[in-house]
Amino acid sequence: MSRNHTKKDASTSTRRAIINLLKQQGGMDVVALSSQFELSGMAIRQHLNALKEEGLVTYEEEARPMGRPTKLWTLTPAADRFFPSGYSELSVSLIHSMKEAFGNEGLDKLLAVRNKNMQEQYLHFIGDSSGIREKLEKLADIRTREGYMAEVKDQEDGSLLFIEKHCPICEAAAVCTGLCKNELQLFNTVLGKDVQIERVEYILAGGRNCIYKVREKK
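Residues numbered from 1 in each chain as written. Predicted model: local features only at pLDDT ≥ 70, side-chain atom pairs only at ≥ 80, totals over all residues. Heavy atoms only, no water.

1. Observations concerning the environment of K23
Secondary-structure assignment places K23 in helix α1 (residues 3–25). When the C-alpha atoms of K23 and G206 are compared, they prove to be 15 Å apart, with 183 residues separating the residues in sequence. In this view, K23 contacts L75, D80, F83, M149, K165, H166 and R208; residues no more than four positions away in its chain are not counted. (Helix = DSSP H or I, 4+ residues; strand = E, 2+ residues; numbered from the N terminus. Contact = heavy atoms within 4.5 Å.)

2. Considerations on the packing of aromatic side chains
Within a pair of aromatic rings, the relevant descriptors are the distance that separates the centres and the angle that separates the planes. By the definition in use, this model includes three aromatic pairs. Ring centres of Y59 and W73 lie 4.9 Å apart, and the angle between their planes is 55 degrees; on these two criteria the pair is classed as tilted. One end of the pair, Y59, is in strand β1 (residues 57–62); the other, W73, is in strand β2 (residues 70–75), and 14 residues separate them in sequence. Exposure remark for W73: the relative accessible area of 4% places this residue in the buried category. Taking 5.1 Å as the distance between ring centres and 80 degrees as the angle between the ring planes, the aromatic pair formed by F187 and Y212 counts as edge-to-face. Remark: Y212 occurs in strand β6 (residues 210–216) and F187 occurs in helix α7 (residues 178–191); sequence separation between them is 25 residues. For F187, a relative accessible area of 0% corresponds to the buried category. The class of Y212 is buried, set by a relative accessible area of 0%. One aromatic cluster in this structure is built from F162, F187 and Y212. The aromatic ring of Y59 is capped on one face by K71, whose charged end is 4.5 Å from the ring centroid. The ring of Y202 carries the charged tip of R199 above its face, separated from the ring centre by 4.6 Å. (Phe/Tyr/Trp six-rings, centres within 6.5 Å; stacked < 30°, edge-to-face > 60°. Buried < 20%, exposed > 50% of the residue type's maximum accessible area, 1.4 Å probe, protein only. Lys NZ or Arg CZ within 6 Å of the ring centre and 35° of its normal.)

3. Section: the pattern of salt bridges
A complete count under the given rule lists 12 salt bridges for this structure. Residues R143 and E146 are paired through a salt bridge, measuring 3.7 Å at the closest nitrogen-oxygen approach. Judged by its relative accessible area of 1%, R143 is buried. Two residues, E151 and K165, come together in a salt bridge whose shortest N-O distance is 2.9 Å. Within this pair, whereas E151 is found in strand β3 (residues 150–154), its partner K165 is found in the loop between β4 (160–164) and α6 (170–175), the two being separated by 14 residues in sequence. By relative accessible area, which is 24% here, E151 ends up partly exposed. In this structure, a network of salt bridges that share partners links the residues R143, E146, E164 and E183. (Salt bridge = Lys/Arg side-chain N within 4 Å of Asp/Glu carboxyl O.)

Listed below in structure tokens is the structure:
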């Protein structure tokens, strides 16, 4: 293998890693990216500019107390192709076909059956977990396996955030809002009646993630 070919493979690998990191972390500047990859700022800028030319990343300037504004790099919607899509085109086509064949009422019944099956699977996976955090960690595990890149974060007020950084069914959810409505119902059922859960950020409403705030009911 030639040196040029090896260098190209290394660049491709680094750029894919940058895409993955930006998906996980959101806006990052060159300094933060350099520390993650142990590369110089110049090298990171070269990778970012190449990704920008491909339409995969963009940036916004953020003012800093001292010095010039810094560029915070984020992914564009075009980068979604690097992450699970849940057979989006087929899903959207099937949803339109089901609406045509059975109407909205029939589609709602089908979604209810889907939701019931998912509840059974999730409850079996979570088992006899005790405590909100343990349940959420297991829920994050199963959702990550399904492509949602989920994690749990503690908040200073004692609540927990359940964060889904990717939506593999986003295109289908855009034409069938029942999928998202059922998701919230699903989480309520799985986490139990003593838990209060609220969606505070929503990808389809322009958010970067789908985020749920979870706490015990008082």
